[in-house]
Amino acid sequence: MKGLGKFGVLLIVCMLFGMMLGVQLMSEHAGLSETKPLELNKEEPVREISATPPTPTVADAEFAGTTNFFSELGLTLASGAESAARSGLEGLMTAVRNGINKESERHDESAESSY
């Protein structure tokens, strides 16, 4: 019985992953979204955080009453999930590339490869 439950969960996860992959491929094919290439830099990007919050403008005041809470929440969660997934993929691809190329922190990064 446990084996059947595990098989069912695995089947559902595979189906959900396949549906997400299909939706992504079809939206790219239809031109609705374009993928961003992964940035495989060796150094971490420095993000500057400003100490002062941005000042609201008149245009912001006009639309202040017409915001949709759930839409904004969805956009925030989606951008956070995208950032987390992208940084995870970049880290994974960098680790794989370093593992394949036998690069490590011991080697001088400015030296040319012997290949």
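### Thoughts on the overall build of the protein
Logical step 1: Scanning the protein from N- to C-terminus turns up three helices and zero strands.
Logical step 2: Burial statistics for the protein: of 115 residues in total, 3% are counted as buried.
Logical step 3: Here the protein displays about 11,000 Å² of accessible surface, and carbon together with sulfur accounts for 65% of that area.

### Quick look at helix α3 (residues 69-100)
Logical step 1: Spanning 32 residues, α3 covers 46 Å between terminal C-alpha atoms, matching the ideal 46 Å at 1.5 Å per step.
Logical step 2: Immediately downstream of α3, the backbone of Lys102 shows phi near 55°, a positive value.

### With respect to helix α1 (residues 2-29)
An α-helix turns once every 3.6 residues. As a result, residues three or four positions apart point the same way.
Logical step 1: A rise of 1.5 Å per residue sets the reference length of α1, with its 28 residues, at 40 Å; its end C-alpha atoms lie 40 Å apart and thus fit the reference within 8%.
Logical step 2: Positive backbone phi, at 80°, marks Gly31, one or two positions downstream of α1.

Conventions adopted
- Residues numbered from 1 in each chain as written.
- Predicted model: local features only at pLDDT ≥ 70, side-chain atom pairs only at ≥ 80, totals over all residues.
- Heavy atoms only, no water.
- Helix = DSSP H or I, 4+ residues; strand = E, 2+ residues; numbered from the N terminus.
- Buried < 20%, exposed > 50% of the residue type's maximum accessible area, 1.4 Å probe, protein only.
- Areas by Shrake-Rupley, 256 points an atom, 1.4 Å probe, with all protein chains shown as cover.
- Expected span 1.5 Å × (residues − 1).

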